Amino acid sequence: MKKIGLFLALALVIASCHSGKKNSVALSGAGSTFVMPFYTTAFQKYTPLTGVKISYGGVGSGAGIKSLKDRVVDFGASDAFMTDAQMAAMPAPVVEFPTCSGAVVMAFNLPGITTMKLTPEVLADIYLGKITNWNDPALAKINPGVKFPNLPITVVHRSDGSGTTNIFTNYLTKVSPEWKSKYGFGTTVNWPVGVGGKGNPGVAGTISQTTGAFGYVESTYAFAEKIPFASIKNQAGIFITPSFASTSAAGKGQMPQDTRIMITDSPDSAAYPIAGFTWVILYKEQHYNNRTLAQAQALLKLWDWMLDPDAQAVAQQIDYVPLPASVVALDKSILRTVTYDGKPILQ
Amino acid sequence: MNSDKITKYVLFVTSFIILIVTGGMLYSLIQGSLPSFHTFGWKFIISPEWNPTKGNEHYGALAFILGTIYTSVLALLVALPMAFSTSLIVAEYFRNSWFANVVSTCVDLLAGIPSVIFGLWGFYALRPFIVHIGLTQQGFGVFTAGIVLAMMIIPYAASLSNSVIMMVPNELKEAAYSLGATRLEVIWNVILPNARSGITASYILAFGRALGETMAVTMLIGNANIVPKGLFSMGNTMASVIANEFGEANGLHLSSLIALGLILFVITALINAAGKYIIKKFA
């Protein structure tokens, strides 16, 4: 319900854009649906402060990159960082930087069971179709005291291309050589088993409506809807429950200068292993298509503000995980490399 | 220019726009699907594998073509007797009675319900029922999707059949009655021979509609990109896989989705042409 409310709020924001004064700067972006509630809520807070109007379309990460490529939006948003091939296909160099992170949780629907531990091996075997029943000894072994029913596991995955799938399958390739060689990772993969649900709500709905179901959903959704989810054994051998702290810990590792990193299977002992960033993408040189300096400045100031504690607090309020300080610092240094006619826009 | 000419001109331009849009749609579908047909050739249509993972990319349409045909044929088989009974009730047995009015209003209402509502009904009502009676483990699949599709196409099949049955001349029916024919005999020997082509065409058009239905199917078929192994197997349809995957697709993946769209376009066009032909030929 919260997300629907936010969506309506966005619609109002867009509607009000048209009645506004013509001389104020308007920005537009498109992409990830996962991060949309965070952006729209934060933008609503930003507009009264600065008068800059921002519209955001949750059209999917891939479509967001396409919109930026066609130069119909000022920024793209994606849950999967751009590959070298995607970057090469852009008409001009781009920069990308994370804005917040989230965890992917393993949700389940078993009568009377609210907590569960999973090892990477068991998780991969379920998605490989090797473990097919909840009474499998491998599950009982890591969950002493939990009485699993004799019930087939209904594996659930996303049917639409999705950044969530990208994060989850990236984790599977790291923990299962068999998964890596047979299925790999990406926003859409060739699933060996399972039911496809459309969007995070579709997967969560299928899980909550099907006894014996098991699937991956974006943490924000599971936290808000209070669907039970499993704790996962991380690289250090500790079972970790997804939370703000454990997801944040996953993002604390060494960050490459171009920020293109998957933070799944983090070596940090406090980190939840299935986590990922979501990125914003801008053109490095902002003087294109008759764009004014004012527009470029507004765009850069917006994202500078989005990394500040004010906006990051908004992220946490609506169940996203704020960036660690080290990543914020790196992001800000990336923003300073964006230019207008070759001159840096932010000082 | 007089007003008559102006009217003619305006009418010509507006209908020409329709031609341009249809032609442009076909052109962009062909244009977009070229890379895929270039890479896979005619094997695209007969290959059952659909693998979007980078490095192992391979696309084939067979699973989706079969998924589409299975669900639509099942929908037609279920809808056929129901739509036929409804037509006879409304147009013959209880013609102009309050009962016929209620039934035909309900049929019209069904036609106006958005597809996502049918999907929700299938998801929250039909699916648990199918699980409850033990037909399948989790309730998704060709069967569930086909049943919901059947409900969606009944109005299309029924309302056209209604008008065709009503158009059978009263003189013929009265002549048969006067010779002592029973109602059943009148239906079989007078109404059906006269309305046959219209009824058949209405079912073909309903079938065409089932082929392209997207939302309700994607909510119920399980979205497993495999060739359905039977009535209770999961699967996927062309319309559903396009809706699901195009947002994140690019390159060969996108081209293959557009190629699926082209195949669906051609199949639907053929079905519609067949419907038109039957109306013309036997009317």
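Residues numbered from 1 in each chain as written. Chains lettered and ligands numbered in written order. Predicted model: local features only at pLDDT ≥ 70, side-chain atom pairs only at ≥ 80, totals over all residues. Heavy atoms only, no water.

1. Let's talk about the packing of helix 3 (residues 62-93) of chain B against helix 4 (residues 98-112) of chain B
Residue and element names in this part refer to chain B. Packing of helix 3 against helix 4 leaves a shortest axis separation of 8 Å and a crossing angle of 135°. Of the possible angle classes, the one that applies to helix 3 and helix 4 is oblique. In the crossing of helix 3 with helix 4, the sense of the turn from one axis to the other is left-handed. Two secondary-structure elements touch here, helix 3 through Thr86, Ile89 and Val90 and helix 4 through Phe99, Ala100, Val103, Ser104 and Val107. (Axes fitted to C-alpha atoms, helices over the stretch in contact; angles between N-to-C directions. Helix = DSSP H or I, 4+ residues; strand = E, 2+ residues; numbered from the N terminus. Parallel < 35°, antiparallel > 145°, perpendicular 65-115°, else oblique. Left-handed = near helix turned anticlockwise from the far one by under 90°. Contact = heavy atoms within 4.5 Å.)

2. Considerations on the packing of helix 2 (residues 36-50) of chain A against helix 13 (residues 309-317) of chain A
Residues and elements named next belong to chain A. Taken N-terminus to C-terminus, the directions of helix 2 and helix 13 make an angle of 135°; their axes are 9 Å apart at the nearest point. With respect to each other, helix 2 and helix 13 are oriented oblique. For the pair helix 2 and helix 13, the sense of crossing is right-handed. Side by side, helix 2 and helix 13 meet where Phe38, Thr41, Ala42 and Lys45 of the first sit next to Asp310, Ala311, Gln312, Val314 and Ala315 of the second. Split into classes, the residues belonging to the contact of helix 2 with helix 13 amount to five nonpolar, two polar and two charged. (Nonpolar A, V, L, I, M, F, W, Y, C, P; charged D, E, K, R; others polar.)

3. Description of the side chain of His157(A)
Tracing the backbone shows His157(A) in strand 6 (residues 154-158). Here His157(A) is in contact with Tyr127(A), Trp191(A), Val193(A), Gly194(A), Val195(A), Gly196(A), Gly197(A), Val203(A), Tyr216(A) and Asn223(B), once residues within four sequence places are set aside.

4. Some thoughts on the interface of chain A and chain B
Facing the 32 residues of chain A at the interface are 26 residues of chain B. Interface area for chain A against chain B, summed over the two sides, is near 2100 Å², with a carbon-plus-sulfur share of 48%. For chain A, the biggest contributors to the area lost against chain B are Thr188(A), Asn190(A) and Gln209(A); these three give 23% of the whole. Linking chain A to chain B there are zero salt bridges. Put simply, the parts of the chain that give the side of chain A that touches chain B at least two residues each are helix 3 (61-69), strand 6, helix 8 (177-182), strand 7 (195-197) and helix 9 (199-209) of chain A. If one sorts the elements of the side of chain A that touches chain B by residue count, helix 3 of chain A sits on top with four residues. When grouped by side-chain class, the residues that make up the side of chain A that touches chain B number seven nonpolar, 21 polar and four charged. (Buried area = accessible area lost by both parts, 1.4 Å probe. Salt bridge = Lys/Arg side-chain N within 4 Å of Asp/Glu carboxyl O.)

5. Regarding the pairing of strand 8 (residues 213-218) of chain A
All names here are of chain A. By the criterion of burial, strand 8 is predominantly enclosed, with six of the six residues buried. Here strand 8 shows no split at all, with Ala213, Gly215 and Val217 on one side and Phe214, Tyr216 and Glu218 on the other all buried. Bridging between strand 4 (residues 94-108) and strand 8 involves five bridges; their strand directions are antiparallel. Along strand 8, the bridge assignment pairs Val104 with Glu218. Pairing of strand 6 with strand 8 involves three bridges; the strand directions are parallel. Paired with Thr154 across the strands is Ala213, a residue of strand 8. (Buried < 20%, exposed > 50% of the residue type's maximum accessible area, 1.4 Å probe, protein only. Pairing = 2+ DSSP bridges.)

6. Here we look at the UniProt feature "domain: ABC transmembrane type-1" (unreviewed entry) in chain B
Look at the UniProt record and you will see "domain: ABC transmembrane type-1" (unreviewed entry) annotated at residues 65-275 of chain B. The span residues 65-275 of chain B is 78% helical and 0% strand by assignment, and the distance between its end C-alpha atoms comes to 20 Å. (UniProt positions renumbered as here; feature names shortened; annotations may be inferred.)

7. Quick notes on the side chain of Asn143(A)
Residues and elements named next belong to chain A. Residue placement: Asn143 occurs in the loop between helix 6 (137-142) and strand 6. There is a polar contact of 3.0 Å between the side chain of Asn143 and the backbone oxygen of Leu139. Ignoring sequence-local partners within four residues, the contact set of Asn143 consists of Met116, Lys117 and Phe148. (Polar contact = N/O pair within 3.5 Å; in protein donor to acceptor, adjacent residues only side chain to side chain.)

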